[in-house]
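Tertiary structure, described
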Amino acid sequence: MPHTNAINDYIAGAVGGCAGVVVGHPLDTIKVQIQTQEFGGKYTNLMDCIRTVQRQTLSKGYFRGLSWPLFSYGYLNAVFFGCYGFLLKKFGCTEDLTHKKPTYWIIGVTGALATLPQVVFTCPVDVVKVSLQSQIPHYHDLPKVQVNKYFSGPLEAVTVIFRTSGIKGLYRGFLTHVVRDTPAAAMYMSSYSFFQYESSYRIPSVPSQIVNFLGGGVAGVLSWLIIMPFDVVKSKLQADACGKLYKGFWDCASQVYRADGIRAFFLGLVPMAVRAFPVNAVTLMVYSESLKYLNKIEHIDKN
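Here is what the cut-offs are and how they apply
- Residues numbered from 1 in each chain as written.
- Predicted model: local features only at pLDDT ≥ 70, side-chain atom pairs only at ≥ 80, totals over all residues.
- Heavy atoms only, no water.
- UniProt positions renumbered as here; feature names shortened; annotations may be inferred.
- Helix = DSSP H or I, 4+ residues; strand = E, 2+ residues; numbered from the N terminus.
- Buried < 20%, exposed > 50% of the residue type's maximum accessible area, 1.4 Å probe, protein only.
- Contact = heavy atoms within 4.5 Å.
- Axes fitted to C-alpha atoms, helices over the stretch in contact; angles between N-to-C directions.
- Parallel < 35°, antiparallel > 145°, perpendicular 65-115°, else oblique.
- Nonpolar A, V, L, I, M, F, W, Y, C, P; charged D, E, K, R; others polar.
- Salt bridge = Lys/Arg side-chain N within 4 Å of Asp/Glu carboxyl O.

- Per an unreviewed UniProt entry, the chain carries the name Solute carrier family 25 member 45 and comes from Biomphalaria pfeifferi.
- The UniProt entry for the chain carries the following text under Sequence similarities (unreviewed entry): "Belongs to the mitochondrial carrier (TC 2.A.29) family."
- Within the UniProt record for the chain, the comment given under Subcellular location (unreviewed entry) is "Mitochondrion membrane".

See the structure below:
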């Protein structure tokens with residue numbers, strides 16, 4: 001994947017990001033529901049959660065809260081992959097295996113740095129998304145007055161959160177978001193690159209689409225595994241965007257631990273793993289193949 005034009009990184013990132021969002025949103029909704037159970041009553045198990053979401057229409061169930069990430073994650077992934085490609089060049093490296101290949105240390109640092117500009121935009125989107133996803137009704141042991149407090153859509157969510165807590169509410173869990181995303185991005189890009197490079201040398205006959213698909217899936221699962229506790233806290237903080245339950249990260253983490261122990265920090269692990277593989281497999285495959293195509297077209301035009 002030679003980098004010849006930074007614009008290609010942004011375009012390929014946008015295409016890959018949109019593809020990943022559509023594939024993964026249903027399981028992301030299940031994950032958020034499990035992580036924020038106090039907002040919908042306790043689930044007895046994973047199937048109880050799935051049955052609850054299935055009772056809704058698609059727009060109010062599996063795809064609740066999709067519109068904002070769908071229209072924004074293309075741009076957000078463009079920011080990430082664009083910054084990633086730009087920073088690699090600043091380190092004097094390229095992803096082209098025939099030229100100077102970056103070390104995995106440089107790839108990890110570059111991935112972590114590339115996610116920082118993205119989080120500035122991602123956090124408000126996630127606050128709205130998580131707020132909507134956490135409000136799917138599950139009436140078990142839930143007071144009726146709490147059941148009725150649901151946003152009709154993203155615009156109402158933004159309005160209520162901003163009116164109640166100002167811009168601070170839309171950036172609820174921001175530092176947790178940063179702490180979650182930087183190591184995840186480092187693991188994500190370094191493990192994906194490792195898979196790419198090793199496959200190219202050891203089994204060069206395998207088509208790049210298969211390598212990118214499998215590598216993206218493995219990278220996605222690994223990156224999520226190392227940050228699950230932070231994701232649980234982030235989900236709970238952002239579902240409580242108006243700050244009625246938790247004062248901040250440490251208050252939320254301590255309440256979670258007191259209520260359910262260490263296992264509570266790994267809630268949603270199964271749907272996360274099931275979701276992470278196809279989402280990131282599609283995202284990175286589409287990104288890599290789109291980038292390869294764009295660079296090829298640009299090379300032909302120059303000649």
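**Focus: the environment of Gly215**
- For Gly215, the position within the fold is in helix 9 (residues 208-225).
- On the accessibility criterion, Gly215 (1% relative accessible area) is buried.
- Each C-alpha atom, one on Gly215 and one on Leu284, is 8.1 Å from the other, the two residues being 69 residues apart in sequence.
- Ignoring sequence-local partners within four residues, the contact set of Gly215 consists of Tyr192 and Phe195.

**Quick notes on the side chain of Asp181**
- Summarising the element assignment, Asp181 is placed in helix 8 (residues 174-202).
- Residue classification places Asp181 among the buried positions, given a relative accessible area of 10%.
- Aside from chain neighbours lying at most four places away, what touches Asp181 is Thr115 and Val119.

**Concerning the packing of helix 4 (residues 104-133) against helix 6 (residues 154-165)**
- With their axes 10 Å apart at the nearest point, helix 4 and helix 6 run at an angle of 110° to one another. The angle between the axes of helix 4 and helix 6 places the two elements in the roughly perpendicular class. Together, Val127, Val128, Ser131 and Leu132 of helix 4 and Pro154, Ala157, Val158 and Ile161 of helix 6 make up the contact between the two elements.
- In terms of residue class, the contact of helix 4 with helix 6 is built from seven nonpolar, one polar and no charged.

**Here we look at the pattern of salt bridges**
- Within the structure shown, the criterion is met by four salt bridges.
- In this structure, Arg180 and Asp231 form a salt bridge, with 2.6 Å as the shortest nitrogen-oxygen distance. With Arg180 in helix 8 and Asp231 in helix 10 (residues 228-239), this residue pair connects regions lying 51 residues apart in the sequence. For the residue pair Arg180 and Asp231, the accessibility class agrees, reading buried in each case.
- One salt-bridge network, in which partners are shared between bridges, spans Arg180, Asp181 and Asp231.

**Observations concerning the UniProt feature "transmembrane region" (unreviewed entry) in the chain**
- Taking the numbering used here, the UniProt-annotated feature "transmembrane region" (unreviewed entry) corresponds to residues 70-88, 210-230 and 264-287.
- In the segment residues 210-230, helix accounts for 90% and strand for 0%; the C-alpha atoms at its two ends are 31 Å apart.
- Note that residues 264-287 is 79% helix and 0% strand, and that its end C-alpha atoms are spaced 34 Å apart.

**Some points on the packing of helix 10 against helix 11 (residues 249-260)**
- Axis separation between helix 10 and helix 11 bottoms out at 10 Å; the angle between their running directions is 110°. With respect to helix 11, the element helix 10 is oriented roughly perpendicular. Taking contact as the criterion, the partners of Phe230, Val233, Lys236 and Leu237 in helix 10 are, on helix 11, Phe249, Cys252, Ala253 and Val256.
- Looking at the contact of helix 10 with helix 11 residue by residue, the classes come out as seven nonpolar, no polar and one charged.

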